[in-house]
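# Chain and residue survey
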Amino acid sequence: MTKGANVGLADLSGDAGSVIASLSWSSTMGDGDADVSVLLLDGGGKVRSDSDFFYYNNPAAADGSVQLLGKTPTDGGSEDRISLDLTAVPADVERIVVAASRYGGSRFGELDDLRMTVADRAGDVLLGFSIADAGVESAFIFGELYRRGTEWKYRAVGQGYETGLAGLATDFGIDVDDEGEGENEGPDEGMNASEDAVAGRAVEPPGAQAVSAPDEAAEPPVAQEPTSVPRQPVRAAGSPVSGAGDGTETGSTESGARDTDPAAAPPKRTRGPRTAKKKVTLPAVVKKSLAENDAWNAARLFPAPTLKSDKEREVRATSVLLSVMAQVPEFGRRLTAAFGAPAGRMETFTEVSLPHGDTPKRPDGVIRVERAGKLWTALVETKTNGNVLRSEQVQNYMDIAARRGYEAVITLSNDVALEGSPLVDVKTDGRRKHKVALRHLSWAEVAHQAHMLIRHEGVGNAAHAWLLQELLHYLQHENSGCHGFQNMGPSWVPVRNGIDTETLSQGDPRAVEVVESWERLIRQVCLRLGGELGQKTLPVQRAQRGTTPQSRRAALADRLCEEGRLTAGLRVEDSPGVITIVADLRTGKLRTSVEIPAPEGAYPLTSAKRLMRQLADAPADLHVETLLDGRSGPRGTLERLRPEPGDMLPGDGSQITGFRLSLFKGMGLSRGNAESGFIRSVDDAVDRFHAHVIAHLPAADRRTARRSQDGTQAAAPASAVATDAPVPA
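Position numbers for residues count from 1 along each chain, tracking the sequence in the order it is written. At least 70 in pLDDT is required for a residue's local features to be given in this predicted model, at least 80 for side-chain atom pairs to be given and counted, and no such filter applies to totals for whole chains, interfaces and linings, which use all residues. Hydrogens and waters are ignored; side-chain quantities use all the structure's heavy atoms.

## Looking at the overall build of the protein
Working definition: helices are DSSP H or I runs of at least four residues, strands are E runs of at least two. Numbering for both runs from the N terminus. Summing up its helical and strand segments, the protein has 15 helices and 23 strands in all. Evaluated residue by residue, the protein yields a buried proportion of 50% over its 729 residues. Sequence-distant contacts in the protein: of pairs separated by 6 or more residues, those separated by 24 or more amount to 71%. Partly exposed residues are those whose accessible area sits between 20% and 50% of the maximum for their type, while under 20% is buried and over 50% is exposed, using a 1.4 Å probe and protein chains only. Here, two residues are considered to be in contact whenever any of their heavy atoms come within 4.5 Å of each other.

Laid out in C-alpha cells, this is it:
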C-alpha cells in the first residue's frame, strides 16, 4: 500500500473479525529496537480514558479487543505482533491507532525496513505498508483501523513525531505528567521524564526511596495537575491524510498544529486516582518445608514419576497443559492469541476421534474458544522428549481441519521453530476457500509464559497462580519429557570431530544443521533467562540487508568450518550491553562477554577505578580488556587489576572507548542435555555471567549506550580478530 491509501478488510478476507497487526524493522547491527503502542479513539479522535492506551506496561484490554503479543526476533531486527479482536471493540471506539516509539535519543531513521502488515487469524497476510521516509522522528504512527458503517477499514498513515511517545500520546488526549522537570534539567531529560510518565515507568524525585509493603497495596498517589508536552510533529500539522479511492472519507490521524491561543485551547483534563485489580504473584523463594527429610516428596496435582512410555507422557502433558489453559484465562489467552484465537470462553478436550477416510484420526487435543456465538477451533499434536513431529500425521490434521472448517493446527514439542526452516513439510490445497493456519509452540515457550505470569506479571487469584506453579513443577520434572530443546542433533559430533581434525569443508550441510541447532539453543536460553528475570531477552542477529535466513545460516556455517567457532549475542532489557557467547570447538572453551562504554568526560583512571568498584563482588578470574579507538588495549584478570587499576590505562595515552568483560569455562562435548553436555554448559555459562557480572553493573543509560555503539562500530572489525568478538555477517 502507499501512504494515505485505505482498504476495507472485508474486501481482503471473509474472516476479518480478528486480525494480527505486525510492526517490524531491522538494523544492520542487530541492536535497533522500538516499543509498540495502540490507542483506541472515540468519534472526536481522543481516547475515552487513559486506559485506552496500550503499551508494554498495559499490554491487554479486559474485553480481549487488544493484546500486545510481544517481540519475535527476525534476521537483523524484530517484529512486534498485536492481536486485535474487532468484534470485541466497544461500539463507541471509532479508530484504532497502531504506533511505535524509540527512546534515549534514538530515531526511526536509524532503522531499516520499517513495515506494518495485517494478517487474518489464519496467519495469511492481507496487506502491507512500508515506511521509506523516516528521519529524525522518535515516534511513528504506522497505520490505523477505523469503522466505516458496519465494516472495518485500514489506512496507511506513516506520520512521525519528533516529540516521541509523549507528543504522540498528548495529541490523542493522554495526560502526560512532566514530573522530571526542574531548574537544572536539560531538554533531553525533560522529554525522557515525560515519556517515562506516559509509559508507566517510575519517575522519582532526587533522593526518593521505594518502600515495599509485601502484604499491603500501596495507596494511589495524589493526582497533580498534568502539564502538556509541546507537540512538534514532523509532518505538516493538521493536514488530513486523504483516503485514496474513497472520496467520502476525510477523517485521518492528525498531529497537532492547533491554535496556540490560550483562549482557544481546550480545557485540560484532570486525572483522578486510578485503581487496578491487584494481581497475584508467587515468591521466588520457597517457604521452608515441613518434611522431616528430603526423602519426603511433596504431593503434586500433576504427578510425573509413574510415566513409563512416550505415549503416556504425550497424553499426560497434553491433558495437563490444556486443562490449565482452560482454567487460567490469562495463560490460555497468552498462548492462543498469537495463533489468531479471539478472547472468549475457552474449553479444551483430549483424544477426540475425528473421521478421516477409512480410519478415524485422534489428535492429542482440541482447543475451542467461543466469542459472540462464533467458534474458533484448533487441533493439537504433541510430542515429548526427543520425538519429532511427523509430516504425514500433521498433514492429516491439516486436511481434517480444512474439511471441518477449523482455524488452526498447533504442533507442540521440545523443538524450537526457526524462520525459514519449517519443522514439518505439509501441503495446502489452494483451491479451498477455507484456510488453516499451522503454528508451532515449544515446551520452553509454555514454561516461559507460565513463569512470567506467576513470578512477574501476576494472575487473577491465588488458585490460578497455584495451578500455574503445579504446571511448572510438572514440566520441570525429569520424567515429564517437556524440558525444551535438549539435543544438538546427529551432526554435532561429526562436525566437532571434523573441526578438530581440520577435515570439515565449507558447504558441508552438516555444518548448517549445527548452526540451526545453535540458533534454537540460543532462543531457548533467551526464553529461560527472560522468564527468570522478568525482562525482555532476545537474540541479537547481525545480517546484511536483503539476506534470507537460509543464506545467513549458510554463511555462518562456512565461518564455522573456517574458524571453528559458534557465535551468538543476546540482549537483556536494561543491561549495559549485548552478551556475546562464543563456543570455540577447537579449544573446547566457552566465552561469555559484554562490552560497556567508558563514561563520557571522565578521566581514564577515574573510569578504571569506578569499574573496579562496580566489580567488587565479581569472580577473580574475570578478564578485563580496555578498548581503544580502533584497537585493543591492556588486559588482565580482575584478581591482578584490582590492586592496580592504573594497569588498565594505555601507555601511549590513547582514548579509552570502553571495556570488555569476559568469563571462560570448559565446553561440554556431548550433544545432549546431560550434566556434561554442551547444552548444559552453555546454560551454566550464561547464568554465571549474568549473575556474577551483569547484575553488578549499573543499568544501561540508553542514550549513553547508543552513543557508545555509534562510536565503537568502526573499531569492531579490528578488535574482532584478537578477541573473537562477533562481526556482522
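## Observations regarding the sheet that holds strand β23 (residues 656–666)
Spatially, seven strands are ordered β17-β18-β19-β20-β23-β21-β22 in an open sheet, and the strand pairing comes out antiparallel. Pairing within the sheet leaves two strands with one partner each, and these edge strands are β17 (537–540) and β22 (631–637). When the angles between neighbouring strand axes are averaged without regard to direction, this sheet yields 25 degrees. We call two strands paired when DSSP finds no fewer than two bridges between them. Pairing analysis gives six bridges linking strand β19 (residues 579–584) to strand β20 (residues 589–597), with the strands arranged antiparallel. To define axes, lines are fitted to C-alpha atoms, for helices over the stretch in contact only, and angles between the resulting N-to-C directions are given on a 0 to 180 degree scale.

## Re the sheet that holds strand β2 (residues 18–26)
The strand order across the open sheet built from five strands is β5-β6-β2-β8-β9, with neighbouring strands paired in antiparallel fashion. Looking along the sheet, the strands with just one partner apiece sit at the ends: β5 (66–74) and β9 (125–131). Taking each pair of neighbouring strands and ignoring which way they run, the sheet shows an average axis angle of 20 degrees. When β5 meets strand β6 (residues 77–85), the two strands line up antiparallel, connected through eight bridges. In the sheet register, G70 faces β6, and the bridge partner there is R81.

## What about the nonpolar core?
One finds W518, L521, L566, L611, L622, L661 and F678 to be the most contacted residues of the largest nonpolar core, which totals 56 residues. It is helix α9 (residues 509–533) that provides the largest number of residues to this core, a total of nine residues. Dropping the residues within four chain positions of it, L661 is found in contact with T592, S593, V594, I596, L611, L615, L622, H623, V624, F689, V693 and L697. In this description, a nonpolar core means a group of buried Ala, Val, Leu, Ile, Met, Phe, Trp, Tyr and Cys residues linked to one another through side-chain atoms lying within 4.5 Å. With 42 residues, the next largest nonpolar core counts A338, F339, L412 and A437 among its residues.

## A closer look at the packing of helix α3 (residues 310–327) against helix α4 (residues 329–336)
In contact at an axis separation of 5 Å, α3 and α4 are set at 115 degrees when each is read in the N-to-C sense. With respect to their mutual orientation, α3 and α4 come out roughly perpendicular. Between α3 and α4, the residues in contact are L321, V324, M325 and Q327 and P329, F331, G332, L335 and T336, respectively. Residues were grouped as follows: Ala, Val, Leu, Ile, Met, Phe, Trp, Tyr, Cys and Pro as nonpolar; Asp, Glu, Lys and Arg as charged; and all remaining residues, including Gly, as polar. When its residues are assigned to classes, the contact of α3 with α4 shows six nonpolar, three polar and no charged. Each angle gets one of four labels, with under 35 degrees taken as roughly parallel, over 145 as roughly antiparallel, 65 to 115 as roughly perpendicular, and the rest as oblique.

## As for helix α13 (residues 678–692)
Helix span, expected: 1.5 Å multiplied by one less than the number of residues in the helix. For α13, built from 15 residues, the straight-helix expectation of 21 Å at 1.5 Å per residue is met to within 8% by its first-to-last C-alpha distance of 21 Å. When we look at burial in α13, the residues that qualify are F678, I679, S681, V682, D683, A685, V686, F689 and H690. In this fold, the buried residues of α13 make contact with α8 (492–500), α9, β18 (565–572), β19, β20 and β23.

## What to know about the pattern of salt bridges
Salt-bridge detection follows one rule: a side-chain nitrogen of Lys or Arg within 4 Å of a carboxyl oxygen of Asp or Glu. All chains considered together, the criterion is met by 30 salt bridges. Across the pair R552 and E519 runs a salt bridge whose closest N-O atoms are separated by 3.3 Å. A residue pair is termed long-range when its members are at least 10 positions apart, and R552 in helix α10 (residues 549–563) and E519 in helix α9 qualify at 33 residues. With a relative accessible area of 7%, R552 lands in the buried category. Residue classification places E519 among the buried residues on the basis of a relative accessible area of 8%. Note that D647 is salt-bridged to R640, the shortest N-O span being 3.6 Å. Overall, D647 belongs to the partly exposed group, its relative accessible area being 37%.

## Quick notes on unusual backbone geometry
At E351, a position not held by glycine, the phi torsion is positive, near 50 degrees. Secondary-structure assignment places E351 in the loop between β12 (345–350) and β13 (365–371). What makes E351 partly exposed here is its relative accessible area of 24%.

## Some thoughts on the environment of T501
Mapped onto the elements, T501 comes out in the loop between α8 and α9. Sequence spacing of T501 and R586 is 85 residues, and the spatial spacing of their C-alpha atoms is 9.2 Å. Polar contact criterion, stated in full: a pair of N or O atoms within 3.5 Å, where within protein one must be able to donate a hydrogen and the other to accept it, and residues adjacent in sequence count only if both atoms are side-chain atoms. From its side chain, T501 meets the backbone oxygen of N497 in a polar contact 2.9 Å long. Among the polar contacts listed, one links the side chain of T501 to the side chain of T503, at a separation of 2.9 Å.

## A word on the packing of aromatic side chains
In this description, an aromatic ring pair is defined by two values, namely the gap between the centres and the angle between the planes. Note on aromatic pairs: the rings of Phe, Tyr and Trp (six-membered ring only in Trp) are paired at centre separations within 6.5 Å, and the planes decide the class, stacked below 30 degrees, edge-to-face beyond 60, tilted for the rest. This model, assessed by the stated rule, comprises seven aromatic pairs. Between F140 and F142 the ring centres are 6.4 Å apart and the planes differ by 70 degrees, which places this aromatic pair in the edge-to-face class. By relative accessible area, which is 0% here, F142 ends up buried. One aromatic cluster is present, built from ring pairs that chain together W25, F108, F140 and F142. Comment: the charge-over-ring label is applied if NZ (Lys) or CZ (Arg) is within 6 Å of the ring centre and within 35 degrees of the ring normal. Above the plane of the ring of Y146 lies R155, whose end atom (NZ or CZ) is 4.3 Å from the centre.

## Regarding the packing of helix α6 (residues 443–457) against α9
Following both chains from N to C, one finds α6 and α9 inclined at 10 degrees, their axes separated by 8 Å at the closest point. With respect to their mutual orientation, α6 and α9 come out roughly parallel. Regarding α6 and α9, the two cross each other, and that crossing is left-handed. Every residue of α9 that contacts α6 at A444, E445, H448, H451, M452 and H456 is listed here: Q524, L527, G530, G531, E532 and L533. Looking at the contact of α6 with α9 residue by residue, the class counts come to four nonpolar, six polar and two charged. Each crossing is labelled by how the near helix is turned from the far one, with a counterclockwise turn of less than a right angle marking it left-handed and a clockwise turn marking it right-handed.

## Some remarks on helix α11 (residues 604–614)
Restricting attention to buried positions, one finds in α11 the residues S607, A608, L611 and M612. Across the axial projection of α11, the buried residues extend over an arc of 135 degrees, all falling on one side. If you follow the buried residues of α11, they end up packed against β20, β21 (623–628), α12 (638–641) and β23. Here, the arc refers to the directions that run from the helix axis to the C-beta atoms.

## Thoughts on the side chain of S26
The residue S26 is located in strand β2 in this model. Within the structure, the side chain of S26 is placed 2.6 Å from the side chain of D113, a separation counted as a polar contact.

## Observations regarding the environment of L41
Among the secondary structure elements, L41 is positioned in strand β3 (residues 35–41). Once residues lying within four places of it in the same chain are set aside, the contact partners of L41 are K46, V47, D92, V93, E94, R95, V97 and F172.

## A closer look at the confidence of the model for the protein
Looking at the protein as a whole, the pLDDT averages 80, with 80% of positions reaching at least 70. Mean pLDDT across the elements of the protein bottoms out in helix α15 (residues 716–723) (30) and peaks in β19 (96). Considering only residues more than four positions removed or in separate chains, one finds that residues 178–276, a stretch of pLDDT under 50, has 161 contacts. Values of pLDDT, the confidence the predictor places in each residue, fall between 0 and 100. For residues 701–729, every residue scores under 50 in pLDDT, and the model assigns this stretch 46 contacts once sequence neighbours within four places are set aside.

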